[in-house]
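Spelled out, the chains give:
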Amino acid sequence: MRRGVLLSFAAMLLAVSAGASAQGYGFAAPGGYGIKIYKTNYSLYPFVQVYLRTFDAEMQPLVNLNERNIGLMVKGKTYDPIKRQYGVQSIRQREEATRSVLVIDASGSMAASQGRNPFDDALRAAVRFIESKRPQDEVAVLAIRDTKDGYEVVSQFERDERALARRIADIRADAMQTRLYDSIGAALQMCAMSAQGSVRGGNYIVSCSIVVMSDGKDEGSSVGRDELMARITNMPIPVPIYSLAYSRTDPTWFRNLEALSKNSFGIYYNVGETTEQMQRIVESIQNILQSDYVVTFRSYIPVDGERHSMKIGVEYPSGSGKYVYDDATFEAIQPPPVPEVMEMLRQLDRKIPAVPDGNPFWDTPGMGVPGVGGE
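Residues numbered from 1 in each chain as written. Predicted model: local features only at pLDDT ≥ 70, side-chain atom pairs only at ≥ 80, totals over all residues. Heavy atoms only, no water.

1. Brief notes about the sheet that holds strand S5 (residues 86-90)
Inference 1: One open sheet holds the 4 strands; their spatial order is S1-S2-S13-S5, and the pairing between them is antiparallel. Edge positions in the sheet fall to strand S1 (33-44) and S5, since each of these pairs with one other strand and no more. Neighbour-to-neighbour, the strand axes of this sheet turn through a mean angle of 25 degrees, independent of strand direction. (Pairing = 2+ DSSP bridges. Helix = DSSP H or I, 4+ residues; strand = E, 2+ residues; numbered from the N terminus. Axes fitted to C-alpha atoms, helices over the stretch in contact; angles between N-to-C directions.)

Dropping the structure here:
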């Protein structure tokens, strides 16, 4: 088994050394897949937790990743997977929380006409999105309305499904203007200020996403599309925008939503007039948010308060010879001496005990792959 793992990992190293030009960081080439590291948590140092999102060419998450799919480098040196100094888990079964902001177009053009009510379908989809979340996940709701800001805060970040559903049920499609960009900008600000990385109610908050339900038309926003696109590009932590573009009259403005989604590692859904499918789409979005992975590894760099580089590579499926990678940094800092932290460190120490010689890397750097050519 050792020989097979090392042969596979050796091939990944060759792919990494070829450079990032083949697919680039975080993008899936046609027929390929990608990964995006969006957060590192080193508050439990020497243990580092790396949160990453994976996606295939259709922007759907890769399933059933395990240690055989993952390669780890720290400061250019490769961890030996046989030494079991890192592990990977799906966030679905973990206690970390996600946050989402629903942006609902409540302009009059979304209201019922000729016996059809796409706006009601959007509200039902919003409730279904909430019903599909985990208990610890939080959702905020903005409605595009005729206010001085161009939107109404229907709900701040909230876990209670019933409370959120009641507030959504009170939204009316009566706005005369659609300040779409101002509303999405406000959602981005809520994500940026949503204490990502903090702990609320015992759950570590790791990500924030935006779900937009609109026809994509903007009227009178103080923020232009180009400015909003630049803001998305420059955000230190990616905030994906999942847009559901629907209209009973004119799809001309759908391209605005498509551009925002593609620029933010989100997904654009062209719903058109078939708004009944929106509930299935939001379930798919929740599946994406809950399919992130956490790679936990033990670092052997002494506490120095400095920032250090790392890379994570993914081969999918295992043994396929197709590889992508992304890089990030972490700080070697001493954790606070509080009982809760000390207990978490003890738990991690039991799961990933230190190697006796303090060397998690391949034992023969620069001399080929151990196990190749012999057991």
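2. Considerations on the packing of helix H2 (residues 118-131) against helix H7 (residues 278-289)
Each pair of packed helices gets described by two things: the angle between the helix axes and the distance between those axes.
Inference 1: One can describe the packing of H2 onto H7 by two numbers: an axis separation of 8 Å at closest approach and a directional angle of 30 degrees. What the angle tells us is that H2 and H7 run roughly parallel. Between H2 and H7 lies a crossing of right-handed hand. Facing H2, whose interface residues are Asp 121, Ala 122, Arg 124, Ala 125, Arg 128 and Phe 129, H7 presents Met 278, Gln 279, Val 282, Glu 283, Ile 285, Gln 286 and Leu 289.
Inference 2: Counted by class, the contact of H2 with H7 contains 7 nonpolar, 2 polar and 4 charged residues. (Parallel < 35°, antiparallel > 145°, perpendicular 65-115°, else oblique. Left-handed = near helix turned anticlockwise from the far one by under 90°. Contact = heavy atoms within 4.5 Å. Nonpolar A, V, L, I, M, F, W, Y, C, P; charged D, E, K, R; others polar.)

3. Some details on the packing of helix H4 (residues 180-192) against helix H5 (residues 225-233)
Inference 1: Running from N to C, H4 and H5 cross one another at 15 degrees; their axes reach a closest spacing of 10 Å. Overall, the two elements H4 and H5 adopt an arrangement that is roughly parallel. Relative to H5, the crossing made by H4 is left-handed. Counted together, Tyr 181, Ile 184, Gly 185 and Leu 188 of H4 and Arg 225, Leu 228, Arg 231 and Ile 232 of H5 form the full contact between these two elements.
Inference 2: Here the contact of H4 with H5 is built from residues that sort into 5 nonpolar, 1 polar and 2 charged.

4. Thoughts on the packing of aromatic side chains
Inference 1: This structure, assessed with the given rule, holds 9 aromatic pairs.
Inference 2: Ring centres of Tyr 45 and Phe 330 lie 6.2 Å apart, and the angle between their planes is 25 degrees; on these two criteria the pair is classed as stacked. Here the residue Tyr 45 occupies a position in the loop between S1 and strand S2 (47-56), and Phe 330 occupies one in strand S15 (residues 323-331), the gap between them amounting to 285 residues.
Inference 3: Between the aromatic rings of Tyr 79 and Phe 297, the centroid separation amounts to 5.9 Å while the plane-to-plane angle is 80 degrees, which identifies the pairing as edge-to-face. With Tyr 79 in the loop between strand S4 (77-78) and S5 and Phe 297 in strand S13 (residues 293-298), this pair connects stretches of sequence that are 218 residues apart. As far as burial versus exposure is concerned, Tyr 79 and Phe 297 are alike and both buried. (Phe/Tyr/Trp six-rings, centres within 6.5 Å; stacked < 30°, edge-to-face > 60°. Buried < 20%, exposed > 50% of the residue type's maximum accessible area, 1.4 Å probe, protein only.)

5. Quick notes on the side chain of Thr 178
Inference 1: With respect to the helices, strands and loops of the structure, Thr 178 is situated in the loop between helix H3 (161-169) and H4.
Inference 2: Only 3.4 Å separates the side chain of Thr 178 from the side chain of Ser 107, close enough to count as a polar contact.
Inference 3: Discounting residues that sit within four places of it in the chain, Thr 178 has contacts with Asp 105, Ser 107, Ile 144, Lys 217, Asp 218 and Glu 219. (Polar contact = N/O pair within 3.5 Å; in protein donor to acceptor, adjacent residues only side chain to side chain.)

6. Regarding helix H6 (residues 254-263)
Inference 1: When H6 is considered as a whole, its buried residues turn out to be Phe 254, Asn 256, Leu 257, Ala 259, Leu 260 and Ser 261.
Inference 2: Where H6 is buried, its residues contact H4, strand S10 (203-214), H5, strand S11 (241-246) and strand S12 (268-272).
Inference 3: Looking one or two residues beyond H6, the residue adopting positive phi is Phe 265, at roughly 65 degrees.

7. Some thoughts on the sheet that holds strand S3 (residues 70-74)
Inference 1: Spatially, the 4 strands line up as an open sheet ordered S4-S3-S14-S15, and their pairing is antiparallel. The outermost strands of the open sheet, each flanked by one partner alone, are S4 and S15.
Inference 2: Strand direction decides the pairing type here: S3 and S4, joined by 2 bridges, are antiparallel. Along S4, the bridge assignment pairs Met 73 with Thr 78.

8. As for the pairing of S12
Inference 1: Bridging between S11 and S12 involves 4 bridges; their strand directions are parallel. Note that in S12 the partner of Tyr 246 across the bridge is Gly 272.
Inference 2: With H6 bridging S11 and its parallel neighbour S12, the resulting β-α-β unit is right-handed. (Right-handed = clockwise from strand over helix to strand, strands pointing away.)

9. Comments concerning unusual backbone geometry
Inference 1: Across the junction of Tyr 45 and Pro 46, the peptide omega takes the value 20 degrees, indicating a cis bond.
Inference 2: In this structure, Pro 46 sits in the loop between S1 and S2.
Inference 3: Cis geometry is found at the peptide bond from Tyr 316 to Pro 317, where omega equals -10 degrees.
Inference 4: Structurally, Pro 317 is set in the loop between strand S14 (307-315) and S15.
Inference 5: One non-glycine residue, Met 59, adopts positive backbone phi at about 65 degrees.
Inference 6: The partly exposed category is assigned to Met 59, whose relative accessible area is 22%.
Inference 7: The backbone of Arg 84 sits at a positive phi, close to 55 degrees, despite the residue not being glycine.
Inference 8: Its relative accessible area of 64% is what places Arg 84 among the exposed residues.

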